[in-house]
Amino acid sequence: MLARRHFVLQLAALLPLPLVARRVHRLAVADLDPGLLRALAAAVLPSELGGSGLERTTADFERWLAGYREGVELVHGYGTGQIQYTGPSPALRWSTQLRELEAASQRHHRMPFERLAVGERQTLVRSALEGQRVGGLPQIDRAPHVAIGLLAFFYGSPEASDLCYQARIGSSSCRPLSESARRPLPLREKS
Amino acid sequence: MPRRVIESDVCIIGSGISAAMVAEKLAEERVATIVVVEAGEESDRLSRRPALRRRFLDYGESPWQNDHLDGYEVAGIQSRSMQVGGLAMHWGGVTPRFSPEDFKVRSLYGVGHDWPISYEELDPWYQEAEVRLGVAGEQGPPDLDPRGKPFPLAPIPLTYNLLRLREWTDRAGVPMWSQPSAKNSAPYRGRPACCRNDTCSPVCPIGAKYSPDFTWGALRKTKKVELLTRTVVRRLMRGANGRISHAVAVSRDGGAELEFRARTFVVAGGYAWSSQLLLVSEVANRSGLVGKFLTGHRNVSGYVSLPLQLYPGMNGQHSLVSKKFMRVPRGERYLRHDLRVWESSVGREARLTDSEGNLLLGDEVLADWRRRTATGTARVRAYYDVIPDRESSLTLDGSKRTPWGDPLPQLSFRDAPESAAARAWSEERIRALFAELARAGGGEVLSTRSDSFQDHPAGGCRMGDDSADSVTDSWGRTHEHENLFVVGAPTCVSGGCANGTLTFCALSLRSAEEIGKAFPTRK
């Protein structure tokens, strides 16, 4: 049943029609296994996030993916007259990759990916990323693998920056000008 | 189908920031009916901007969807934006003045061309522009940064990061101060104070940054102007006595052609579309200089690693500025540039492989990131003055036409021979300055680059006293047509070495003063 659905999704994805693409995107988002995604997040995101932080990040990632729209104008800046657009939805690619992680888990450990230890999950992720060009953080939608997508999503966020610097920088949020000159407060200290 | 005729005292073509300045000043000071014609759409209202900004942050989507016309893809560098408010809906709100030297480079340094007005003559108009936009600024050293009156708003405060970076530039002997910006440091004209959302460009979600839609909103609410959108002016038509009698336009929604009749026509279509309209209309071009002397400035930017703990993200779009290098030291080769410094995260972003190429996962990514953020990065950039060549030009492209059959422009920027010859040397000098700054801070230059294009483009209808050598006089009135003005960017003689928008606004207000003389004063 799953294979047939997957086949239909892949077939539909070949059609360029925007309506079909939107439908495929929605199906692929629905197809993204939430349990597998959370197991992956726990393996690739920092443990300092804790259970609630991991859950929040993963849920935000799911919302981000659900909200993705293909073919929308990107910001066009100075120095170019060219209008560029968002690319194809990564949802189908990522849901497929999640299933492949599960399959690899069954193959190597005879148990679900979710039940593996974090280190074992990481080994499978490393194996899945072998041969991929990985370096800096890509644009989220261009991430070649769902694991990279999760990492790009989290590490591009203001929350990640605050966690790194252990400070309440709160980038891209509304903050009083009057507090500009002050060193950002430590992360755990209330303003 | 007969044309629909729309009559007014003043017809302004375009609704960008220069048009907004002209319309506001005329509406306040003169008894005159004003019609504004805009080819693009209405810009999204302020209440939608937080959601549009969210989409920009999350997905990179433009907050200004459909702010351009299909079929208007031109050859050459051109920033696409046609909507109510124009490109200043996107702008970063950065509002330095040009320096006094910009207006007399021929007299002072023997290069380029002097403007027909001096900095001192433009000072009152700079002040007026700063008041209308709401510029928050810090007075720089008066000899480098002269001004007749204080800024209308206190400066945008320097962040912790910029304060640390200013300590660094002070040590290097370069005086720097808070970049003047059309962003409210306190509530101003019904708009709130900036709260560091830090997406000034492309969109301020709260309206703390000035954009022309605020001016249009107020003028339309009080019925002081009539603004028609989706209306493309195709031709300016000559009438008797060398005057422009009317403008012919089409509505993008179809229907009869429109004919705008006015006592005065103001072309405010920016550096590209102003020249294009004059060229296709075959007006104002006795000198043969419409579309010529396109100007701008080149830049060198870089990233400097410094042994400072910085916290990128505090207000990344705000910067320090210096005008120290806008004067050429006696006996030295011509090079004039500004200098700006920002916080940056470049070279210190999270990464997924370490220096040996090993994949990082889980806690490894965060640990690696923390190790690399114990010190900081500054972004530095210098805009340097480029003398425009006569053949730095906008011409009509015979091979490409608008959906209405008019030739599209093609743009080709060119440095005058003296600037072209000095380009490599100029950029090397600026890179050497970056290296010197880095050394003074105990740091190192991580990288530098130079964009291939000229930024903050202007010109194409340059002003001058001699009608054989310019398109308009210093007020923006075309030499050839008494009732035809070109305002803002196209009239610039040179692009200076700082962002041009405030200068475009000051010039536009000065033009509005002259335009207004034909109409009774409002009591």
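One structure accompanies this document, and this report is about it. (Residues numbered from 1 in each chain as written. Chains lettered and ligands numbered in written order. Predicted model: local features only at pLDDT ≥ 70, side-chain atom pairs only at ≥ 80, totals over all residues.)

### Remarks on the packing of helix α1 (residues 17-29) of chain B against helix α10 (residues 501-516) of chain B
Residues and elements named next belong to chain B.
At step 1: Two numbers describe how α1 lies on α10: the axes approach to 8 Å, and their chain directions differ by 35 degrees. Crossing hand, α1 versus α10: right-handed. Each of I17, S18, M21, V22, K25, L26 and E29 in α1 lies in contact with α10, whose residues at this interface are T501, F504, C505, S508, L509, S511, A512, I515 and G516.
At step 2: Of the residues in the contact of α1 with α10, the class split is nine nonpolar, five polar and two charged. (Axes fitted to C-alpha atoms, helices over the stretch in contact; angles between N-to-C directions. Helix = DSSP H or I, 4+ residues; strand = E, 2+ residues; numbered from the N terminus. Left-handed = near helix turned anticlockwise from the far one by under 90°. Contact = placed C-beta atoms within 7 Å. Nonpolar A, V, L, I, M, F, W, Y, C, P; charged D, E, K, R; others polar.)

### Things to note about the interface of chain A and chain B
At step 1: Taken together, the contacts link 49 residues of chain A with 51 residues of chain B.
At step 2: The set of elements that each furnish at least two residues to the side of chain A that touches chain B consists of α3 (34-44), α6 (118-129), α7 (146-155) and α8 (158-165) of chain A.
At step 3: When residues of the side of chain A that touches chain B are assigned to their parent elements, the largest contribution, six residues, is made by α8 of chain A.
At step 4: Class assignment for the residues of the side of chain A that touches chain B results in 30 nonpolar, 13 polar and six charged.

### Overview of the pairing of strand β13 (residues 407-412) of chain B
Residues and elements named next belong to chain B.
At step 1: Relative to β13, strand β12 (residues 393-401) is paired through six bridges, and the arrangement is antiparallel. Each residue of the ladder has a partner; that of T395, found in β13, is Q410.
At step 2: Following β12, the chain reverses through five residues before pairing antiparallel with β13; G405 in that reversal takes a positive phi of roughly 90 degrees. (Pairing = 2+ DSSP bridges.)

### Things to note about helix α4 (residues 119-133) of chain B
Residues and elements named next belong to chain B.
At step 1: The first and last C-alpha atoms of α4 sit 19 Å apart over 15 residues, in line with the 21 Å expected at 1.5 Å per residue.
At step 2: At W125, α4 shows its strongest bend, of approximately 25 degrees.
At step 3: Along its buried surface, α4 packs onto α1 and α10.
At step 4: In the stretch just after α4, G134 is the one whose phi turns positive, near 80 degrees. (Expected span 1.5 Å × (residues − 1). Bend = angle between axes of the 7 residues up to and from the residue.)

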